[in-house]
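Topology and contacts: notes
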Amino acid sequence: MEQVKCLIIGSGPAGYTAAIYASRAGLKPVLYSGLQPGGQLTTTTEVENFPGYPQGVDGNQMMMDLREQALRFGSDIRDGSISRFSLTQNNPELSGNFILTAENGTEIEAQTVIIATGASAKYLGLADEEKYRGMGVCACATCDGFFYRKRTVAVVGGGDTACEDALYLSHLAKKVYLIVRKPYLRASKVMQQRVFEAENIEILFEHNTIGLFGEDGVEGAHLVKRKDEADEQMVDIAIDGFFLAIGHHPNSELFKDVVATDDNGFIKTLADRPCVLDKEGNVIPGLYAAGDVTDPVYRQAIVAAASGCKAAIEAERHLAGTM
């Protein structure tokens, strides 16, 4: 069984930053990049709000830069995913706190683990979403809204996130459609009122998106207005961008039997530190979570990177106290 001091699961901004800090601390971290090396930023085109890139940077290039920086300091970055995770329950015959199995069958005994598996944006499941991904289909208004200044966009959803995204975009875009499948908004009263008062937001209640169209990118959306099966009306709207705001799904399934999560599956940590809690609310020594897998609020690359830094520092301090 392979033994490592620090195992990092995930390779977005949180995972790579954790690897950089852990490597510089001499922890010789092993990082498994997961199903989507680089994380969600590899699905976007240009990133303009990450410090250090005054002219912006392609999302894939940014992740390659972080990867190269981690490699420079000695990180062991491996393709593939971790398929099993368990605690050793303080077995005196084992020196590590955790036993993990990679998808290729490699068994690893780790003294510390940093979970940086991220979260996946929820999509409607339309083939056109994949067709136009990076060409008008977006899942982060804060990330990509800047590119739609003075243009027309649509936001799908009826909760607080959708209303927040619509309001954010309303300050940039010429017009914002808010596509809501129900005859009402689920958002808080305050958010609803702000949306209703925004002059350039048009709410399309009881509308469902059934497709997108465009030659070299999104140029419009096919909608169906449906009150019941006997009352349906097909509607097309002209838009330049299509924003999903129906939630994110944290990639925490691998750990659900061990760690505490909120109702949506986000891993719970201490309020001020990335230390993971068990189902009884106690800290699991040596286990840390960073990035979107533990963040239902901000979901920004810079926040994920910062939490990866904190997780690595916590892992270093934990190991210093046990060595």
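Report on the accompanying structure. (Residues numbered from 1 in each chain as written. Predicted model: local features only at pLDDT ≥ 70, side-chain atom pairs only at ≥ 80, totals over all residues. Heavy atoms only, no water.)

**Considerations on helix 1 (residues 13-24)**
Because the α-helix completes a turn every 3.6 residues, residues three or four places apart line up on one side. Threshold: In this text, helices come from DSSP runs of H or I with a minimum length of four residues, and strands from runs of E with a minimum of two, each type numbered from the N-terminal end. Each residue after the first adds 1.5 Å to the expected span of a helix. Between buried and exposed lies partly exposed: a residue is buried under 20% and exposed over 50% of the maximum accessible area for its type, with that area taken using a 1.4 Å probe on protein chains only.
If you check helix 1, its first and last C-alpha atoms are 17 Å apart, about what 12 residues at 1.5 Å a residue would give, namely 16 Å. Along helix 1, the residues that are buried comprise P13, A14, G15, Y16, T17, A18, A19, I20, A22 and S23. Phi for G26, located one or two positions after helix 1, is positive at around 80 degrees.

**Points about the pairing of strand 8 (residues 107-115)**
Here is the rule: In short, DSSP must find at least two bridges between two strands for them to pair.
The buried fraction of strand 8 is high, at 7 of 9 residues. For strand 1 (residues 2-9) and strand 8, the ladder comprises 7 bridges, and the chain directions are parallel. Its bridge partner lying in strand 8, E2 is registered against I108. Taken together, strand 7 (residues 98-102) and the strand that follows it, strand 8, pair antiparallel across an intervening segment of 4 residues, in which G105 is found at a positive phi of about 100 degrees.

**So, unusual backbone geometry**
Backbone geometry at K150 places phi at a positive 60 degrees, although glycine is not the residue there. A positive phi angle, close to 55 degrees, is found at R299, a residue other than glycine.

**Some remarks on the pattern of salt bridges**
Put simply, the rule is: A side-chain nitrogen of Lys or Arg and a carboxyl oxygen of Asp or Glu constitute a salt bridge if their distance falls within 4 Å.
Counted according to the given criterion, the structure contains 8 salt bridges. Across the pair D76 and R78 runs a salt bridge, and its minimum N-O distance is 2.9 Å. Its relative accessible area of 30% is what places D76 among the partly exposed residues. In the salt-bridge network here, residues are joined through shared partners; they are E2, D76 and R78.

**Description of the nonpolar core**
Here is the rule: Nine residue types can take part in a nonpolar core, namely buried Ala, Val, Leu, Ile, Met, Phe, Trp, Tyr and Cys, and a core is a set of them joined through side-chain atoms within 4.5 Å.
Counting 31 residues, the largest nonpolar core has I8, M62 and I114 as the members making the most contacts within it. Among the elements that make up this core, the one with the highest residue count is helix 7 (residues 301-322) (7 residues).

**Examining the packing of helix 1 against helix 2 (residues 59-72)**
For any two helices packed against each other, one specifies the inter-axial angle together with the distance between the axes. Applicable threshold: Axes here refer to lines fitted to C-alpha atoms; in helices the fit is confined to the stretch in contact. Angles between the N-to-C directions go from 0 to 180 degrees. These descriptions rest on fixed angle ranges, namely under 35 degrees for roughly parallel, over 145 for roughly antiparallel, 65 to 115 for roughly perpendicular, and the rest for oblique. Throughout, a crossing is termed right-handed when the near helix is turned clockwise from the far one, and left-handed when it is turned anticlockwise from it by less than a right angle. The contact criterion used throughout is that any non-hydrogen atoms of two residues lie within 4.5 Å. All amino acids are sorted into three groups, where Ala, Val, Leu, Ile, Met, Phe, Trp, Tyr, Cys and Pro are nonpolar, Asp, Glu, Lys and Arg are charged, and the leftover types, Gly among them, are polar.
For the pair helix 1 and helix 2, the least separation of the axes is 8 Å and the interaxial angle reads 20 degrees. As judged from the angle between their axes, helix 1 and helix 2 are roughly parallel. Once helix 1 is placed against helix 2, the crossing between them reads as left-handed. Facing helix 1, whose interface residues are P13, Y16, A19, I20 and S23, helix 2 presents M63, L66, R67, Q69 and A70. Grouping the constituent residues of the contact of helix 1 with helix 2 by class yields 7 nonpolar, 2 polar and 1 charged.

**Notes on a nonpolar patch on the surface**
To be explicit about the condition: Put simply, a patch holds well-exposed residues, over 30% relative accessible area, that have no salt bridge, with like charges counted together within 9 Å and Val, Leu, Ile, Met, Phe, Trp or Tyr side chains within 5 Å. Each accessible area is a Shrake-Rupley result for a 1.4 Å probe, and residues are judged covered by the shown protein chains and nothing else.
A contiguous nonpolar patch, built from V297, Y298, I302 and V303 and spanning about 370 Å² of accessible area, is present on the exposed surface. Residue position: V297 is located in the loop between strand 20 (283-289) and helix 7. For V297, a relative accessible area of 57% gives the class exposed.

**With respect to the sheet that holds strand 10 (residues 137-138)**
The strand order 10-17-11-12-13 describes an open sheet built from 5 strands, whose pairing is parallel. One side of each edge strand has no neighbouring strand; the edge strands of this open sheet are strand 10 and strand 13 (201-205). Across 4 bridges, strand 11 (residues 152-156) lies against strand 17 (residues 241-244) in parallel orientation. From the neighbouring strand, A154 faces strand 17, where its bridge partner is F242.

**Considering the state of the cysteines**
The cut-off we apply is this: Note on disulfides: each one is a pair of cysteine sulfur atoms within 2.5 Å.
Overall, the coordinates contain 1 disulfide when judged by the stated rule. Between C140 and C143 runs a disulfide, and the two sulfur atoms are separated by 2.2 Å. The disulfide joining C140 to C143 has a torsion of about 65 degrees about its S-S bond and is therefore right-handed. Under the relative-accessibility criterion, C143 is labelled partly exposed at 23%. There is no disulfide at C275, and the cysteine sulfur nearest it, in C6, is 13 Å away. Of the residues examined, C275 reaches a relative accessible area of 4% and is grouped as buried.

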